[in-house]
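A structural walkthrough
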There are 2 protein chains.
Amino acid sequence: MPSEERRELVLDAAMTVFGDLGYAGATTDMIARAAGVSQPYVVRMFGTKEQLFLDVLGRALDAIMQAFRTAIAGDPDLPLQRRLGLAYFELTANRGILLCLMHAFALGADPVIGPAARCGFMEVYQLLREEGGMDAPEASEFLAGGMLANVVLGVRLFDDYDSDPAVQELMGAVFPEKLDLIRRSHPPLKAATPARGGVSAPPR
Amino acid sequence: MPSEERRELVLDAAMTVFGDLGYAGATTDMIARAAGVSQPYVVRMFGTKEQLFLDVLGRALDAIMQAFRTAIAGDPDLPLQRRLGLAYFELTANRGILLCLMHAFALGADPVIGPAARCGFMEVYQLLREEGGMDAPEASEFLAGGMLANVVLGVRLFDDYDSDPAVQELMGAVFPEKLDLIRRSHPPLKAATPARGGVSAPPR
DNA sequence: GATCTTTGTAATCATCCGATTACCTAAGTC
DNA sequence: GACTTAGGTAATCGGATGATTACAAAGATC
C-alpha cells in the first residue's frame, strides 16, 4: 500500500483513539492496532506521538474550516447561523474530530499543544468573524453552542438518553430537529449510569 | 498534621495538576510534590489515582452546585442569569475546578469516569432547571456560555491577550465587564503563540 | 541480476509510573 | 514503660510505553 494511503488510515485511527482517551491516555500501540499496522511504524511515520497528535489536530481544524467555508458559501435562502449549525451538526458524525479538539483545548498549559490549540481556536473564530461576516457577540454565541455540543458528545450523554428524561430534554435543546439523526450515528455503549461516587475511604 | 487537613491539601494540589495535564497526563508523583507529601502517601489516602480523580471531580461539582445555589438565593433585584453568570465568573478564579470538569467531560468513553461525568453534568443541568426555575432553552444557553468560558480558560487564551486583538475582542464578548478581573487572576505563562505546525515529515 | 528504495515488522531498550511493602516516629493509652 | 494507633516515608517492584535498532520482502532502476 502506498504510504500516503496508509498515513490517512493511521490518522483516522489516531483521531478516534485520541478522541476517546485523550492525548496522554492514548498509546501509539492502540493507534497502530486500530490502523492495522505495527507500533514502530506509527512512530516512524510521525516522528513522535506528540507530532502525531498535532497532525490529528490540524486535520480536525481543517475539517471544521472547510465545513464552515462550504456553509458560508451555501444556500443564501437559509440564515447563516442555520447553515453553520447544520454544517457543525454534520461534523458530529465523526466523534474524533470534535473530541480531539476538546482535548487539545483543555491542554492549553502544554508548551507544544497549547500554542497550536490557541492558534486553531482563533482561526475558527476569525473565520466566523471575517468570512462569515458575524460580529463578535454572534460569533461568540455560535462558538458557545458548539462547545456545549462538543461536551454533550464527549460526555456521551446519548448513553443515558433512554433512561433519563432530562437528557432527552437537554439534547433536544442542544440539537434542535436533528436529535434522531445524531442518535443514530452515536449508538450507546451501554445502558445505566449510576450515581457519582462519594468520598473515597480506602482500607489501610 | 491531622489527616483531614492533609487530605484537603492533596485534593487542592490534585485539582491543579489534573486541570493542567488531564487525568492520564498527571502523575501521582507530581500531585504529591505539589502537595508536599510523598507519592505513596497520596496513593494510600485515595486507594488509586482513578479514585483520586473521582474525588477531585466530586469536589469540583460541589463547588459549582454550591456557587449556583448561593446565586439563586441571592439578590433578587438582579436578573437570575446575571447572578449565575457572576457566580460562574468567580469560579474561574480557580482554574482547577473548571478544567478538571472539562477533562472529565471529554472522557465519557471511560467506563468509570464517564458515568460519573455524565451524572455530574446532569446534576448541574437539573439544578438550573429546577432550583433555578429556568426552562430548557434558557438552561441550555447558560450552559453553552459556561462551556465556552471553560474552553477559553483551558486553552489559555489570556496568554495571547496582549498580542492578538481578536483575542481581546472574543474575550470581551465571553467575559463582559469582567475582563480586567479575570486577566488579573490568570497571568500569562509566556508571550508568543506561533502558527500551528504543518504536516510532519520526520527523517528516516 | 545486482543494487537501491519503499514499505513494513520483530525484538528490544530505557524510562516512567502506579502500586506495594516494609519500615519509622511521635503521640496517646493502659 | 510496654503497647497501640495515626501519620508518614524510603525503597522497590512489575508492567506499560515511546522510541530505537536491526532486519526483511517487494518492487523499481540500471
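Note: the structure precedes this text.
Below you will find a few notes about this structure. This one's a predicted model, so the numbers in the text were calculated from it and none came from an experiment.

What counts, and where the lines are drawn
- Residues numbered from 1 in each chain as written.
- Chains lettered and ligands numbered in written order.
- Predicted model: local features only at pLDDT ≥ 70, side-chain atom pairs only at ≥ 80, totals over all residues.
- Heavy atoms only, no water.
- Near = heavy atom within 4 Å.
- Polar contact = N/O pair within 3.5 Å; in protein donor to acceptor, adjacent residues only side chain to side chain.
- Helix = DSSP H or I, 4+ residues; strand = E, 2+ residues; numbered from the N terminus.
- Nonpolar A, V, L, I, M, F, W, Y, C, P; charged D, E, K, R; others polar.
- Contact = heavy atoms within 4.5 Å.
- Buried area = accessible area lost by both parts, 1.4 Å probe.
- Salt bridge = Lys/Arg side-chain N within 4 Å of Asp/Glu carboxyl O.
- Disulfide = S-S within 2.5 Å.
- Axes fitted to C-alpha atoms, helices over the stretch in contact; angles between N-to-C directions.
- Parallel < 35°, antiparallel > 145°, perpendicular 65-115°, else oblique.
- Phe/Tyr/Trp six-rings, centres within 6.5 Å; stacked < 30°, edge-to-face > 60°.
- Buried < 20%, exposed > 50% of the residue type's maximum accessible area, 1.4 Å probe, protein only.
- Patch = residues over 30% accessible without salt bridge, like charges linked within 9 Å, V, L, I, M, F, W, Y side chains within 5 Å.
- Areas by Shrake-Rupley, 256 points an atom, 1.4 Å probe, with all protein chains shown as cover.
- Lys, Arg positive; Asp, Glu negative; His and termini not counted.
- Charge placed at Lys NZ, Arg CZ, Asp CG, Glu CD.

The next subject is the protein's contact with DNA strand D. Close contacts around DNA strand D come from 16 residues, with A:Thr28, A:Gln39, B:Arg6, B:Ser38 and B:Arg44 the closest. In DNA strand D, atoms within 4 Å of the protein come from the sugar-phosphate backbone in 56% of cases. The side chain of A:Thr28 places a nitrogen or oxygen atom 2.9 Å from a phosphate oxygen of DNA strand D. B:Tyr41 is positioned such that a nitrogen or oxygen atom in its side chain is 2.9 Å from a phosphate oxygen of DNA strand D. Going through the elements one at a time, helix H3 (39-46) of chain A together with helix H1 (3-25) and helix H3 (39-46) of chain B are the ones with two or more residues in the surface near DNA strand D. Here the element with the most residues in the surface near DNA strand D is H3(B); it accounts for three residues. Split into classes, the residues belonging to the surface near DNA strand D amount to six nonpolar, six polar and four charged.

Tallying the contact residues gives 66 residues for chain A and 67 residues for chain B. Between chain A and chain B, the buried area comes to about 5400 Å², and carbon and sulfur atoms account for 64% of it. Taken together, the connections running from chain A to chain B amount to four salt bridges. Here A:Arg118 makes a salt bridge to B:Asp160, at a shortest N to O gap of 3.7 Å. Our count for the chain A to chain B interface comes out at twelve residue pairs in polar contact (both at pLDDT 80 or more). Within the residue set of the side of chain A that touches chain B, elements represented by two or more residues are helix H1 (3-25), H3, helix H4 (49-72), helix H6 (95-105), helix H7 (113-131), helix H8 (136-154) and helix H9 (165-174) of chain A. Element by element, the count of residues in the side of chain A that touches chain B is highest for H7(A), at eleven residues. Of the residues that constitute the side of chain A that touches chain B, the class distribution is 36 nonpolar, 14 polar and 16 charged.

Right, let's get into the state of the cysteines. Taken as a whole, this structure holds zero disulfides over all chains when the rule is applied. Free cysteine B:Cys100: the closest other cysteine sulfur is in B:Cys119, separated by 17 Å.

Looking now at the packing of H1(A) against H3(A). Residue and element names in this part refer to chain A. Interhelical geometry of H1 versus H3 gives an angle of 105° and a closest axis separation of 11 Å. Here H1 lies roughly perpendicular to H3, going by the angle between them. Listed contacts from H3 to Arg6, Arg7, Val10 and Leu11 of H1 are Tyr41, Val42, Met45 and Phe46.

All names here are of chain A. Inspection of every chain in the model, using the stated rule, returns 14 aromatic pairs over all chains. Between Phe105 and Phe121 the ring centres are 5.2 Å apart and the planes differ by 85°, which places this aromatic pair in the edge-to-face class. Residue Phe105 is located in helix H6, and its partner Phe121 is located in helix H7; the two are separated by 16 residues in the primary sequence. As far as the burial class goes, Phe105 and Phe121 line up, both buried. Here the aromatic cluster, defined as three or more aromatic residues joined through ring pairs, consists of Phe18, Tyr23 and Phe53.

Attention now goes to a negative patch on the surface. Among the surface-exposed residues, A:Asp135, A:Glu138, A:Glu141, B:Asp135, B:Glu138 and B:Glu141 lie close enough to one another that they form a single negatively charged patch. For the negative patch, the elements supplying multiple residues, two or more each, are H8 of chain A together with helix H8 (136-154) of chain B. Locating B:Glu141 in the fold gives a position in helix H8.

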